[in-house]
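Analysis of the macromolecular model
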Amino acid sequence: MTKSYIPTINISSLLKNNFDTLNAIKTLKKIEKACVDIGFFQITGHGLNLNRIKETCEIGNKFFNLTDKEKKKLSPKKWNKKNNNVYRGYFPNDVNGKEGLDIGDLRVTENYSSRLKNQYIEHLNLESCFSKKSIKILNNYFDSIYNLSETLFKSVIKLNKKNPNISSKAFSRLKTLSTLRFNYYPNQTKPVEISKQDGVALGCETHVDSGIFTVLYQDKKGGLQVQNRKTKKWYDVPFNKKALVVNTGRALEFLTKNKFKATNHRVLWNKSKRLSVPFFFEPSYDFKMNKSFLNSKKYLNTGQIYEKFLNQSLKKFVEYQR
């Protein structure tokens, strides 16, 4: 397998959200090509402090080393009857071979969540498992990765020759369904599944993501693979400690009228512990999914709201069958 299949793009020219410089235009073209051809790319020059990423990973690893009883303080009602949360929180590894912790926007308060009464906007009592310092680090990471993801989305808007600032119509803090997740792959004694296509043992099933972009940090164990849409061959996404991995999701495929397709990916079974930290960049729950958003002079504010779009997409994931 060749490592060069997944391009690495320095996006530093985009960080000030000025998409009209010569360097920015070149970068936009690279992003467009990667999205059309592959649906995956790595980004450097992303502005996230590498020590901050390392601290965030350490917080995740420390959490997964807690006892089951401690971790389940954050579980949805399905695994902890005492809790009211259904969507956010911790799920154990007997669900699909990996443990996970799903955290929504940390600015969402218990009061705001109860007033809104939206099935996906839940307040998680992180203080039951994390120190105030750790919560602050998680909060800062969510802010940073959210802003970075929005810059990437503004790039897509610019590629469609529209004003990047219209991203605010689709994304609003406190309404966003974006998720910061920690995936923890313990020492698995057997694969989650054997690929029917090529017989390879997997630690995470073949799937596509639901949202606009997924922005992921994977540890040096690697194991993430992406499928070439034409040849159906699988390629490793190589570990690069300075890079974040970006892939396109179903919502972006819809908004771009299938130009940027959501791409199949999977994780190889590996017998040692592995951590990955994906950020699923998802629109506001009430954003109306209309293809005119990126493709017409005027956005038609009609169509299925993103909450329902996500609801349909999540049905294929066993961990969300709650």
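Just so we're clear, the structure is a prediction, and the values are computed from it rather than from any experiment. Along each chain, the written sequence defines residue order, and numbers are assigned to residues from 1. Local features in a predicted model are, by the rule used here, given only for residues with pLDDT of at least 70; side-chain atom pairs are given and counted only at 80 or more, and totals for whole chains, interfaces and linings are based on all residues. The side-chain numbers reported here are obtained from all heavy atoms of the structure, hydrogens and water having been left aside.

1. Looking at the side chain of serine 167
As a reminder, the rule being used: The helix count covers DSSP runs of H or I at least four residues long, the strand count covers runs of E at least two residues long, and both are numbered beginning at the N terminus. Each residue gets one of three labels from its accessible area relative to the maximum for its type: buried under 20%, exposed over 50%, partly exposed in between, using a 1.4 Å probe on protein chains only. Contacts: residue pairs with any heavy atoms within 4.5 Å of one another.
In this fold, serine 167 is placed in helix 6 (residues 167-170). For serine 167, a relative accessible area of 1% puts it in the buried group. Other than its neighbours up to four places away in sequence, serine 167 contacts Glu150, Phe153, Lys154 and Ile157.

2. Some words on the sheet that holds strand 12 (residues 265-268)
What links the strands of a sheet is backbone hydrogen bonding, and the strands pair in either a parallel or an antiparallel sense. Here is the rule we go by: DSSP calls a pair of strands paired once it identifies at least 2 bridges connecting them.
Strands sit in the order 6-7-12-9-10 across an open sheet of 5 strands; the sheet is antiparallel. On the outer flanks of this sheet lie strand 6 (193-194) and strand 10 (234-236), each paired with one strand and no other. Bridge count for strand 9 (residues 224-227) against strand 12 is 3 bridges, and the pairing is antiparallel. By the bridge assignment for strand 12, glutamine 225 is matched with arginine 266.

3. Notes on the packing of helix 2 (residues 50-64) against helix 5 (residues 132-159)
To characterise two packed helices, one gives the angle between the axes of the helices and the distance between these axes. Under the convention used in this document: Between the N-to-C directions of two axes lies an angle of 0 to 180 degrees, each axis being a line fitted to C-alpha atoms and, for a helix, fitted only over the stretch in contact. The scheme is simple: roughly parallel for angles under 35 degrees, roughly antiparallel for over 145, roughly perpendicular for 65 to 115, oblique for anything else. It is the rotation of the near helix from the far one that decides the hand of a crossing: anticlockwise by less than a right angle makes it left-handed, clockwise makes it right-handed. Residues are grouped as follows: Ala, Val, Leu, Ile, Met, Phe, Trp, Tyr, Cys and Pro are nonpolar; Asp, Glu, Lys and Arg are charged; every other residue, Gly included, is polar.
Where helix 2 contacts helix 5, the axes come no closer than 10 Å and their chain directions differ by 125°. Overall, the two elements helix 2 and helix 5 adopt an arrangement that is oblique. Here helix 2 and helix 5 pass one another in a crossing that is left-handed. Along the contact surface, helix 2 presents Arg52, Ile53, Glu55, Thr56 and Ile59, while helix 5 presents Ser134, Ile137, Leu138, Asn140 and Tyr141. Tallied by class, the residues present in the contact of helix 2 with helix 5 amount to 5 nonpolar, 3 polar and 2 charged.

4. Concerning the side chain of histidine 46
For the record, the criterion: Residues adjacent in sequence count toward polar contacts only when both atoms are side-chain atoms; beyond that, a polar contact is any pair of N or O atoms within 3.5 Å, and within protein one must be able to donate a hydrogen and the other to accept it.
The topology assignment puts histidine 46 in the loop between strand 2 (40-44) and helix 2. Given the relative accessible area of 6%, histidine 46 is considered buried. Engagement of the side chain of histidine 46 in a polar contact is seen with the backbone nitrogen of leucine 48, the distance being 3.0 Å. Of the polar contacts made by the side chain of histidine 46, one reaches the backbone oxygen of lysine 242; its length is 3.0 Å. With near-sequence residues (within four places) excluded, histidine 46 lies in contact with Ile11, Leu15, Ile53, Leu148, Lys242, Ala243 and Leu244.

5. Overview of the nonpolar core
Put simply, the rule is: Residues grouped as a nonpolar core are buried Ala, Val, Leu, Ile, Met, Phe, Trp, Tyr and Cys residues, joined through side-chain atoms within 4.5 Å.
Among the nonpolar cores identified, the biggest contains 75 residues, and Phe130, Phe153, Leu244 and Phe293 are the most heavily contacted of them. Counting residues per element, this core draws most heavily on helix 5, which supplies 13 residues. For phenylalanine 153, the contacting residues outside a window of four places in its chain are Ser167, Ala170, Phe171, Ile212, Phe213, Leu252, Leu255, Phe281 and Phe293. One finds Tyr5, Ile6, Tyr185 and Tyr235 within the second-largest nonpolar core, a separate group that totals 13 residues.

6. As for the pairing of strand 2
Rule in force here: We call a crossover right-handed when, viewed with the strands running away from us, the connection from the first strand over the helix to the second turns clockwise.
Within strand 2, 5 of the 5 residues are buried, leaving the element largely enclosed by the surrounding structure. Residues of strand 2 alternate between two faces, with Phe40, Gln42 and Thr44 on one and Phe41 and Ile43 on the opposite face, all of them buried. Here strand 1 (residues 8-10) runs beside strand 2; their pairing, made up of 3 bridges, is parallel. Paired with isoleucine 9 across the strands is isoleucine 43, a residue of strand 2. Regarding topology, helix 1 (residues 22-37) serves as the crossover connection from strand 1 to the parallel strand 2, and that connection is right-handed. Taken together, the 4 bridges between strand 2 and strand 11 (residues 244-248) define a ladder with antiparallel strand orientation. Of the residues in strand 11, the one forming a bridge with isoleucine 43 is leucine 244.

7. Some words on the pattern of salt bridges
This is how it is decided: When a carboxyl oxygen of Asp or Glu lies within 4 Å of a side-chain nitrogen of Lys or Arg, that pair is called a salt bridge.
For the structure shown, the criterion picks out 14 salt bridges. The partner of lysine 71 in a salt bridge is aspartate 68, and the shortest N-O contact between them spans 3.7 Å. You can see lysine 71 and its partner aspartate 68 sitting in helix 3 (residues 68-71), 3 residues apart, about one turn around the helix. Among the residues examined, lysine 71 registers a relative accessible area of 3% and is labelled buried.

8. Here's the deal with the packing of aromatic side chains
What characterises a pair of aromatic rings is the spacing of the ring centres plus the angle enclosed by the ring planes. Rule in force here: Stacked, edge-to-face and tilted are the three classes for Phe, Tyr and Trp ring pairs, Trp counted by its six-membered ring, which pair at centre distances within 6.5 Å; planes under 30 degrees apart are stacked, over 60 edge-to-face, the rest tilted. A ring is considered to have a charge above it if a Lys NZ or an Arg CZ atom is located within 6 Å of its centre and within 35 degrees of its normal.
Considering all chains together, one arrives at 19 aromatic pairs under this definition. Seen from their ring centres, phenylalanine 64 and tyrosine 184 are 4.9 Å apart, and the 5° between their planes marks the pair as stacked. Of this pair, phenylalanine 64 sits in helix 2 while tyrosine 184 sits in strand 5 (residues 179-185), placing them 120 residues apart in sequence. The exposure class assigned to tyrosine 184 is buried, which follows from its relative accessible area of 6%. What links up through ring pairs into an aromatic cluster is the set Phe142, Tyr146, Phe153, Phe171, Phe279, Phe281, Phe287, Phe293 and Tyr299. The ring of tryptophan 234 carries arginine 266 above its face, with NZ or CZ at 4.0 Å from the centroid.

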